[in-house]
Amino acid sequence: MTTRKIIHVDMDAFYASVEQRDRPELRGRPVVVGGPPTSRSVVAAASYEARRYGVRSAMSSAEAKRRCPELVFVRPDFSRYVAVSGQLREIFRSVTELIEPLALDEAYLDVTHNKLAEPLAGKIARDLKLRIKKELHLTASAGVGPNKLVAKLASDHQKPDGLVIVPPDQVDAFLLPMPVEKLWGVGPATQKRLHDLGVHTVAELRLLPESTLLERLGNFGPFLRRLAFGDDPRSVEPHRVAKSHGAERTFEHDLRSVSEMDGVIDRLAERVAGEVAEGGRPGRTVTLKVRYADFTTLTRSRSLPSPTADATRISKVAQGLLRATEAPHRPVRLLGVSMSGLLGEEEALQLELPLDV
Ligand SMILES: [Mg+2]
């Protein structure tokens, strides 16, 4: 087996950094990109100055303002972020065509074989960061590893402006102390199941027998075990783009009241809107997923006349769809909201996104 060399590049506080770069009066100040705190918007990006107050992306703008009263709110201008993303892509393409974008500001590069014939992936990553700083006047964090899992964890390890190189013989030392929720695919539900088993770190996860993982996590269990051992088979897929964004929630106790369900849909819509905004491509189709107490599951969709990334609008549509189900008369154990029909990058370029219509 030839060892692969993967770089994960992630721009630091991307939207906020672009705003601070282009508007000098914002430099050194706590800035978020997102709708105003009087709206029901969420934070799409927070500058590092804002993060010191505990402000995070996907947090409601109102909560962000509570944490940092002098916070400056800047409306997103996705056309500029998409343009910078294109410049970033060109820098990547000088090294390889094997680029898998995860968002406007984040991508995996497979540099096992590269256009520079450079054997040292760490040197490529360092040069990429330098070019990004020199040409785009922005900082990026980069991680280098033998696979996607390790490269992404590495880029996240020393943000901002970090460079973390994890050679194959150091993967174990790097992974063992990591909390399990850092592993790919481990969301809140899986995290809770693992914590219930007394498993908090990758080191502890390795000690669980495969049969236990299979029993508790289904088919994901054995795959997760491979990841815990630093074995990630996923390849860098150059044309992968997100086709949808979604969020769902299973309830401890079945829901019976429509107003409670509406409240859940509000919160799910906020999460979806945050993801859509982060991806920079608003969508046209809202889908509601309902699972009744007896596990019967259905989905209902509606397409909008114009694309949106607005939580209130997404929520209203999903709440309308809820009324077209039996949910008002039947206990519900799960609700999900998703957004598809996402705009292509070229279309997104034409668009100024109001996050709070
Ligand atoms: Mg980023």
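Here the structure is a predicted model, which means the values were calculated and not measured.

1. Here's the deal with the packing of aromatic side chains
Logical step 1: Scanning all chains against the criterion turns up seven aromatic pairs.
Logical step 2: Measuring from centroid to centroid gives 5.8 Å for Phe 14 and Tyr 15, while their planes differ by 50°, and the two rings are tilted. No difference in accessibility class separates Phe 14 from Tyr 15, as the two residues are buried.
Logical step 3: These aromatic residues form a ring-pair network of at least three members: Phe 14, Tyr 15, Phe 78 and Tyr 81.
Logical step 4: One Lys or Arg, Arg 51, reaches over the ring of Tyr 48 and ends 4.4 Å from the middle of that ring.
Logical step 5: Lying across the ring of Phe 229, Arg 206 places its NZ or CZ 4.7 Å from the centre.

2. Overview of the packing of helix 10 (residues 210-217) against helix 11 (residues 220-228)
Logical step 1: Following both chains from N to C, one finds helix 10 and helix 11 inclined at 130°, their axes separated by 7 Å at the closest point. In terms of their interaxial angle, helix 10 and helix 11 are classed as oblique. Where helix 10 abuts helix 11, its residues Glu 210, Leu 213, Leu 214 and Leu 217 lie against Phe 220, Gly 221, Pro 222, Leu 224 and Arg 225.
Logical step 2: In the contact of helix 10 with helix 11, the residues fall into six nonpolar, one polar and two charged.

3. Regarding the nonpolar core
Logical step 1: Ranked by size, the top nonpolar core spans 36 residues in total, and within it Ile 7, Phe 14, Tyr 15, Phe 92, Leu 109, Leu 128 and Ile 132 carry the most contacts.
Logical step 2: Within the residue set of this core, elements represented by two or more residues are strand 1 (6-11), helix 1 (14-22), strand 3 (43-46), helix 4 (78-93), strand 6 (106-110), helix 5 (121-136) and strand 7 (140-145).
Logical step 3: Contacts of Ile 132, omitting those with residues within four sequence positions, involve Val 9, Met 11, Leu 88, Ile 91, Phe 92, His 137, Leu 138 and Ala 140.
Logical step 4: With 30 residues, the next largest nonpolar core counts Val 272, Val 276, Leu 304 and Ile 314 among its residues.

4. What about the pattern of salt bridges?
Logical step 1: For the coordinates displayed, the defined rule picks out 28 salt bridges.
Logical step 2: One salt bridge in this structure joins Asp 10 and Lys 159, with 3.6 Å as the shortest N-O distance. With Asp 10 in strand 1 and Lys 159 in the loop between helix 6 (148-155) and strand 8 (163-165), this residue pair connects regions lying 149 residues apart in the sequence.
Logical step 3: With a relative accessible area of 25%, Lys 159 lands in the partly exposed category.

5. Points about the domain arrangement of the protein
Logical step 1: The assigned domain composition of the protein is domain 1 (1-173), domain 2 (185-228) and domain 3 (244-349).
Logical step 2: Each of domain 1 and domain 2 was reduced to a C-alpha centroid, and the two centroids are 29 Å apart.

Cut-offs used in this document
- Within any chain, residue numbers begin from 1 and follow the written order of that chain's sequence.
- For this predicted model, a pLDDT threshold of at least 70 governs which residues receive local features, and a threshold of 80 or more governs which side-chain atom pairs are given and counted, while totals over whole chains, interfaces and linings are taken from all residues.
- Remark: hydrogens and water are excluded; side-chain values derive from all non-hydrogen atoms of the structure.
- Between rings of Phe, Tyr and Trp, where Trp is taken as its six-membered ring, a pair exists when centres lie within 6.5 Å; planes separated by under 30 degrees are stacked, by over 60 edge-to-face, and by other angles tilted.
- Only protein chains enter the accessibility calculation, which uses a 1.4 Å probe; a residue is then buried when its area is under 20% of its type maximum, exposed when over 50%, and partly exposed in between.
- The rule is short: NZ of Lys or CZ of Arg within 6 Å of the ring centre and within 35 degrees of the ring normal puts a charge over the ring.
- Between the N-to-C directions of two axes lies an angle of 0 to 180 degrees, each axis being a line fitted to C-alpha atoms and, for a helix, fitted only over the stretch in contact.
- Secondary structure elements follow DSSP: runs of H or I of four or more residues count as helices, runs of E of two or more count as strands, with numbering from the N terminus.
- Here is the rule for angles: anything less than 35 degrees is roughly parallel, anything more than 145 is roughly antiparallel, 65 through 115 is roughly perpendicular, and the remaining ranges are oblique.
- In what follows, residue pairs with any heavy atoms lying within 4.5 Å of each other are defined as contacts.
- In this count, Pro and Cys sit with the nonpolar residues alongside Ala, Val, Leu, Ile, Met, Phe, Trp and Tyr, while Asp, Glu, Lys and Arg are called charged and the others, Gly among them, polar.
- The criterion is simple. A nonpolar core is a set of buried Ala, Val, Leu, Ile, Met, Phe, Trp, Tyr and Cys residues joined through side-chain atoms within 4.5 Å.
- Any carboxyl oxygen of Asp or Glu within 4 Å of a side-chain nitrogen of Lys or Arg constitutes a salt bridge here.
- Where a domain begins and ends is set by an automatic assignment or by a domain database.

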